Amino acid sequence: MRAIDEIWIIQESGLTLFNLSKDTIDSTLVGGFFSAIQTMLGSIGEQEIKSLVLGESKIKIFNGKFGLLFVSRSKKNVKDKVIEKLLKLVETRFIEEYK
């Protein structure tokens, strides 16, 4: 079993820079959705959202460097620490590759 089933890398503006998804979800909609949630929470004085549980899936959101959001979908029983470690690794490799 893989720890992360899907991943998106999104700019603050909502532009999806990268996605690895088995579904044919429009990456523009995904990027806009998560960007809008973070912007809305910031405008009402809340911290960012870190995770959502939807049915059997868990969505984790990691606020990375340079205003990038690293968003993953996994099974809800995968431990948060495992997902966070993987998202940080993805961030490091992405930034090294595209800085």
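Read on for a plain summary of the structure. (Residues numbered from 1 in each chain as written. Predicted model: local features only at pLDDT ≥ 70, side-chain atom pairs only at ≥ 80, totals over all residues. Heavy atoms only, no water.)

**Side note on the packing of aromatic side chains**
The cut-off we apply is this: Between rings of Phe, Tyr and Trp, where Trp is taken as its six-membered ring, a pair exists when centres lie within 6.5 Å; planes separated by under 30 degrees are stacked, by over 60 edge-to-face, and by other angles tilted. Buried, partly exposed and exposed residues are distinguished by accessible area as a fraction of the type maximum, computed with a 1.4 Å probe on protein chains only: under 20%, between the cut-offs, and over 50%, respectively. Helix and strand labels come from DSSP, where a helix needs a run of H or I of at least four residues and a strand needs a run of E of at least two; each type is numbered from the N terminus.
Applying the stated criterion across every chain, the model contains 4 aromatic pairs. Measuring from ring centre to ring centre gives 6.2 Å for F62 and F70, while their planes differ by 50°; the resulting arrangement is tilted. Each member of the pair F62 and F70 is classed as buried. Pairing F70 with F94 gives two aromatic rings, centres 6.4 Å apart and planes at 80°, and the pair type is edge-to-face. Residue F70 is located in strand β5 (residues 69–75), and its partner F94 is located in helix α2 (residues 80–98); the two are separated by 24 residues in the primary sequence. Accessibility assignment for this pair places F70 and F94 in one class, buried. Ring pairing ties together the aromatic residues F62, F70, F94 and Y98, which thus form one cluster.

**Examining the pattern of salt bridges**
Applicable threshold: Any Lys or Arg side-chain nitrogen located within 4 Å of an Asp or Glu carboxyl oxygen qualifies as a salt bridge.
By the definition in use, this model includes 6 salt bridges. Ionic pairing is found between R73 and E6, a salt bridge with its closest N-O pair at 2.3 Å. Here E6 lies in strand β1 (residues 6–10) and R73 lies in strand β5, a separation of 67 residues in the sequence. E6 shares its class with R73; the two are buried. Two residues, K60 and E84, come together in a salt bridge whose shortest N-O distance is 3.1 Å. With K60 in strand β4 (residues 57–63) and E84 in helix α2, this pair connects stretches of sequence that are 24 residues apart. Via salt bridges that share partners, K58, K60, D80 and E84 belong to a single interconnected network.

**Here's the deal with the side chain of S35**
Position of S35 among the secondary structure elements: in helix α1 (residues 27–43). Judged by relative accessible area, which is 7%, S35 ranks as buried.

**A word on the pairing of strand β2 (residues 16–20)**
Applied cut-off: Only strands that DSSP links by at least two bridges are regarded as paired with each other.
Sheet analysis places β1 next to β2, joined by 4 bridges and oriented antiparallel. Following the sheet pairing, W8 is matched in β2 by N19. Taking the residues between adjacent antiparallel strands as the criterion, β1 and β2 are bridged by 5 residues, where G14 takes a positive phi near 105°.

**What about the sheet that holds β1?**
Each strand in a sheet pairs with its neighbour through backbone hydrogen bonds, running either in the same direction (parallel) or in the opposite one (antiparallel). Rules: Between N-to-C directions, angles cover 0 to 180 degrees, with each direction set by a line fitted to C-alpha atoms, over the stretch in contact for helices. When checking whether two residues touch, look at their non-hydrogen atoms; a contact exists if any pair is within 4.5 Å.
Taken in spatial order, the 5 strands line up as β2-β1-β5-β4-β3 in an open sheet, and their pairing is antiparallel. Each edge of the open sheet carries a strand with a single partner, namely β2 and β3 (51–54). Adjacent strand axes in the sheet meet at a mean angle of 15° when their direction is disregarded. One ladder, built from 4 bridges, connects β3 with β4; its direction is antiparallel. Paired with L52 across the bridge in β4 is I59. The sheet contacts of α2 involve β1, β2, β4 and β5, and relative to β4 the element is tilted by about 45°.

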